[in-house]
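Each chain is listed here by its residues.
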Amino acid sequence: MADTDNPVSLIELDAVSKHYRLGDQTVRALDRLSLTVAKPGFYGIMGPSGSGKSTLLHLLAALDQPDEGTIRVAGEHLHTMQESALTAFRRKKIGIIFQQFNLIPTLSALDNVALPALLDGMPAAERTERATALLERMGLGDRMHHRPDAMSGGEQQRVAIARALLFEPQVLLADEPTGNLDSATGERILQLLGDIAREGRTVLMVTHEPTAATACGHVFLLRDGRIETELDTDGLAASELVARLQ
Ligand code: ADP
């Protein structure tokens, strides 16, 4: 169970900018963006292509550094941390899932899930036990020894979710997790992510699909590298969400 009593905001970005240089041009991918997630829950990030969604997720996952501003995730001030601490942060404090699942093709589902624990030096019996329990929870008890290429897209994404939960992170980041799935399979993944949020974790999902965003309780809309608006989505139909975000 995640620590829900932590009074510190789970995610806090203050005036974060990220620029890329392309020849003599500067692209402002994020432009003094501020955002706070104070309570666990299921949050969506929407926005047009190029509005900065991937850049934002990369910064939250400490896969990249901002040019300006401060970022705090799960109680850690990312902008002040050394590389070794950032490696531990990525492995244990957050989980991340991707549109393409990013599983290792030569490893079984069980070994994919257990890999972060192997890298962290957890004893074999404990990591197998944890990975087995998570795969069973994902409804994959009979698929543990299959490799990714013998699994459907939805099964692979559930393996990726199990891997992301191995260290019980407070924060789970998801980059278009249903983008490669048919709608029924995507719906199942959204339900799982909603269940994980209801356990007291924070799930932050980038999506361009309004139906997926309505599964979240709250949506942030990015435009030109800033949060343009945010709204609660409980009970909203996808068409209503689109209308409100325009
Ligand atoms: P989104 O995920 O919303 O489509 P991105 O975060 O990928 O947006 O990109 C935001 C802006 O930053 C875009 O204009 C994009 O072209 C630019 N950008 C992103 N990554 C790079 C990079 N590595 N080099 C140069 N420009 C980049």
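Structure: above.
The present account deals with the structure reproduced in this document. (Residues numbered from 1 in each chain as written. Predicted model: local features only at pLDDT ≥ 70, side-chain atom pairs only at ≥ 80, totals over all residues. Heavy atoms only, no water.)

As for the side chain of His218
Here comes step 1: Mapped onto the elements of the fold, His218 is located in strand 9 (residues 218-223).
Here comes step 2: Taking the relative accessible area as the measure of exposure, His218 reaches 15% and is therefore buried.
Here comes step 3: In terms of polar contacts, His218 uses its side chain to reach the side chain of Glu230, at 2.7 Å.
Here comes step 4: Reaching out from His218, the side chain makes a polar contact with the side chain of Asp232 at a distance of 2.6 Å.
Here comes step 5: Those residues in contact with His218 that sit more than four places away from it in its chain are Phe42, Tyr43, Gly44, Glu230, Leu231, Asp232 and Thr233. (Helix = DSSP H or I, 4+ residues; strand = E, 2+ residues; numbered from the N terminus. Buried < 20%, exposed > 50% of the residue type's maximum accessible area, 1.4 Å probe, protein only. Polar contact = N/O pair within 3.5 Å; in protein donor to acceptor, adjacent residues only side chain to side chain. Contact = heavy atoms within 4.5 Å.)

Section: the environment of Ala38
Here comes step 1: On the secondary structure map, Ala38 appears in the loop between strand 2 (25-37) and strand 3 (41-46).
Here comes step 2: You can call Ala38 partly exposed: its relative accessible area is 48%.
Here comes step 3: In this structure the C-alpha to C-alpha distance between Ala38 and Arg90, which are 52 residues apart in sequence, comes to 20 Å.
Here comes step 4: Once residues within four sequence positions are removed from consideration, Ala38 is found in contact with Ser9 and Leu10.

Concerning the site of the ligand
Here comes step 1: The full set of residues close to the ligand is Tyr20, Leu22, Val27, Ala29, Pro48, Ser49, Gly50, Ser51, Gly52, Lys53, Ser54 and Thr55.
Here comes step 2: At a separation of 3.0 Å, an oxygen atom of the ligand approaches a polar backbone atom of Gly52.
Here comes step 3: Among the secondary structure elements, those contributing two or more residues to the shell around the ligand are strand 1 (11-22), strand 2 and helix 1 (53-60).
Here comes step 4: The element that contributes the greatest number of residues to the shell around the ligand is helix 1, accounting for three residues.
Here comes step 5: Taken together, the residues that form the shell around the ligand break down as five nonpolar, six polar and one charged. (Near = heavy atom within 4 Å. Nonpolar A, V, L, I, M, F, W, Y, C, P; charged D, E, K, R; others polar.)

Digging into the pattern of salt bridges
Here comes step 1: Per the counting criterion, the structure on display carries 18 salt bridges.
Here comes step 2: The closest approach of N and O atoms between Asp31 and Arg28, which form a salt bridge, is 3.1 Å.
Here comes step 3: Under the relative-accessibility criterion, Asp31 is labelled buried at 12%.
Here comes step 4: Residue classification places Arg28 among the partly exposed residues on the basis of a relative accessible area of 47%.
Here comes step 5: Salt bridges linked by common partners bring Arg28, Asp31, Arg32 and Arg226 together as one network. (Salt bridge = Lys/Arg side-chain N within 4 Å of Asp/Glu carboxyl O.)

Topic: the pairing of strand 1
Here comes step 1: Alignment of strand 1 against strand 2, held across nine bridges, turns out to be antiparallel. Looking at strand 2, one finds that Arg21 is bridged to Thr26.
Here comes step 2: Alignment of strand 1 against strand 4 (residues 68-73), held across five bridges, turns out to be antiparallel. In the sheet register, Glu12 faces strand 4, and the bridge partner there is Arg72. (Pairing = 2+ DSSP bridges.)

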